[in-house]
2 protein chains.
Amino acid sequence: MDITLAVLAGRWTPLVFREFLRRDRATYSELSAALPALSDKVLSDRLAQLTGADVLDRHRVPGWPPHVRYTLTEQGRPWNRCCTAWGEWGTARWQESR
Amino acid sequence: MDITLAVLAGRWTPLVFREFLRRDRATYSELSAALPALSDKVLSDRLAQLTGADVLDRHRVPGWPPHVRYTLTEQGRPWNRCCTAWGEWGTARWQESR
DNA sequence: CTGTATCCTGAACGATACTG
DNA sequence: CAGTATCGTTCAGGATACAG
């Protein structure tokens with residue numbers, strides 16, 4: 001669990017990571033559009049962090065304009081189980097509070 | 001999931017919460033001893049945060065010296081499912097990295 | 001014993017401008 | 001398009017002293 005916490009450290013990390021639940025690949029601009037609250041710098045930081053932790057893969061598509069595709073790695077994919085657990089818990093709390 | 005994130009916001013929140021996986025009740029001093037990295041203030045802050053989110057219950061035991069017992073609420077108990085998901089993911093990553 | 005009050009510091013965040 | 005560089009700011013976190 002400490003390992004998981006280390007990977008997910010930082011304010012927006014889980015939200016960035018969550019974007020890969022629906023789409024299994026995403027470009028920088030897609031993520032930027034999906035997470036308007038994040039400045040360029042923070043998004044870059046988070047992507048570098050997650051890439052460095054081997055949960056995301058970064059692949060430059062040759063050509064112009066430049067294009068970068070981010071995908072979940074084999075290690076990153078089981079993360080969705082954590083996400084669903086989080087979601088279920090939050091949902092239960094939300095229903096009780098209505 | 002956003003709800004869950006809001007509840008768990010803050011650097012040490014998940015670790016404090018995790019302490020209630022083994023023990024279902026704990027006193028302030030027990031938590032303080034189990035989490036030596038946390039200063040008094042941060043531990044207080046986290047306990048107040050979790051109490052305010054209705055995932056922990058705070059109960060003052062009458063008498064002297066004062067004694068406070070924290071327990072998981074009904075809402076807080078399903079949190080262990082999130083914890084185990086986190087733990088499994090971290091464990092898998094750890095095993096692969098050996 | 002279980003906190004709260006106060007102050008201080010550093011890291012993270014955010015905005016802007018700029019580069020490959 | 002996809003970032004990096006720089007800088008200013010804010011805010012969570014830590015230490016200490018004190019209170020109920």
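Higher on the page you've got the structure.
Analysis parameters
Residues numbered from 1 in each chain as written. Chains lettered and ligands numbered in written order. Predicted model: local features only at pLDDT ≥ 70, side-chain atom pairs only at ≥ 80, totals over all residues. Heavy atoms only, no water. Contact = heavy atoms within 4.5 Å. Buried area = accessible area lost by both parts, 1.4 Å probe. Salt bridge = Lys/Arg side-chain N within 4 Å of Asp/Glu carboxyl O. Polar contact = N/O pair within 3.5 Å; in protein donor to acceptor, adjacent residues only side chain to side chain. Helix = DSSP H or I, 4+ residues; strand = E, 2+ residues; numbered from the N terminus. Nonpolar A, V, L, I, M, F, W, Y, C, P; charged D, E, K, R; others polar. Near = heavy atom within 4 Å. 1 Å grid on protein atoms, 1.4 Å probe; cavity = no way out; pocket = protein on both sides within 12 Å on 5 of 7 lines; lining within 4 Å. Points joined across faces, edges and corners; volume = space filled by probe spheres on them. Pairing = 2+ DSSP bridges. Axes fitted to C-alpha atoms, helices over the stretch in contact; angles between N-to-C directions. Least-squares fit on C-alpha atoms with pLDDT ≥ 70 in both.

Draft legend 1. Main features of the interface of chain B and chain A. With 29 residues of chain B in contact, the opposing surface of chain A contributes 29 residues. Approximately 2,800 Å² of surface area, both sides summed, lies buried where chain B meets chain A, with 66% of it carried by carbon and sulfur atoms. For the chain B face of the interface with chain A, the top three residues by lost area are Met1(B), Trp86(B) and Trp89(B), together amounting to 33%. On inspection of chain B and its partner chain A, the count reaches four salt bridges. Linking chain B to chain A there are 16 residue pairs in polar contact (both at pLDDT 80 or more). Counting residues per element, the ones that place at least two in the side of chain B that touches chain A are helix H1 (2-7), helix H2 (13-22) and helix H5 (79-97) of chain B. Per-element accounting of the side of chain B that touches chain A gives the leading share, 13 residues, to H5(B). Across the side of chain B that touches chain A, the residue classes tally to 17 nonpolar, five polar and seven charged.

Draft legend 2. A look at the protein's contact with DNA strand C. Close to DNA strand C lie 18 residues, the nearest being Arg11(A), Arg46(A), Ser29(B), Arg58(B) and Tyr70(B). Each atom of DNA strand C within 4 Å of the protein was classed as base or backbone; sugar and phosphate made up 72%. In the environment of DNA strand C, a phosphate oxygen lies 3.2 Å from a nitrogen or oxygen atom belonging to the side chain of Trp12(A). In the environment of DNA strand C, a phosphate oxygen lies 2.8 Å from a nitrogen or oxygen atom belonging to the side chain of Arg58(B).

Draft legend 3. The protein's contact with DNA strand D, seen in detail. In the vicinity of DNA strand D lie 19 residues, with Ser29(A), Tyr70(A), Arg11(B), Lys41(B) and Arg46(B) positioned nearest. Side-chain polar atom of Arg58(A) to a phosphate oxygen of DNA strand D: 3.0 Å apart, as the coordinates give it. Between a phosphate oxygen of DNA strand D and a main-chain N or O atom of Val68(A), the distance comes to 3.5 Å. Sorting the residues of the surface near DNA strand D by element identifies helix H3 (28-34), helix H4 (40-52) and strand S3 (67-72) of chain A together with helix H4 (40-52) of chain B as the ones contributing at least two each. Along the lines of polarity and charge, the residues of the surface near DNA strand D split into eight nonpolar, five polar and six charged.

Draft legend 4. Looking closely at the layout of surface pockets. In this structure, the largest pocket spans a volume of roughly 480 Å³. Forming the boundary of the largest pocket are 19 residues, of which Leu8(A), Gly10(A), Leu8(B), Ala9(B) and Gly10(B) lie nearest the centre. At the level of elements, helix H2 (13-22) of chain A together with H1 and H2 of chain B are the ones that each hand at least two residues to the lining of the largest pocket. In the lining of the largest pocket, the residues fall into 15 nonpolar, two polar and two charged.

Draft legend 5. Expanded view of the pattern of salt bridges. Counted according to the given criterion, the structure contains eight salt bridges over all chains. Note that Glu19(A) and Arg23(A) form a salt bridge whose closest N and O atoms lie 3.0 Å from each other. Across the pair Glu88(A) and Arg81(B) runs a salt bridge, and its minimum N-O distance is 2.8 Å. Of this pair, Glu88(A) sits in helix H5 (residues 79-97) while Arg81(B) sits in helix H5, on two different chains.

Draft legend 6. Inspection of the sheet that holds strand S2 (residues 56-61) of chain A at higher detail. All names here are of chain A. Read across the sheet, three strands follow the order S1-S3-S2 without closing on themselves; strand pairing throughout is antiparallel. Two strands close off the open sheet at either side, each with one partner strand: strand S1 (25-27) and S2. Across this sheet, the average inter-strand angle for adjacent strands is 25°, counted without regard to direction. Where S2 meets S3, six bridges bridge the pair, whose relative direction is antiparallel. Across the sheet, the residue bridging to arginine 60 is valine 68, located in S3. Set on the sheet, H2 makes contact with S1, S2 and S3; between it and S3 the angle comes to about 85°. Strand contacts of H4: S2 and S3, with the helix running at about 115° to S2, the strand carrying the most contacts.

Draft legend 7. Structural detail: the relation of the copies chain B and chain A. Its rotation angle being 180°, the transformation that places chain B on chain A also includes 0.0 Å of axial translation and leaves an RMSD of 0.1 Å. The relationship between the two copies is best expressed as a two-fold rotation axis. Here 100% of the contact residues of chain B are again contact residues in chain A; the copies associate through an equivalent surface.

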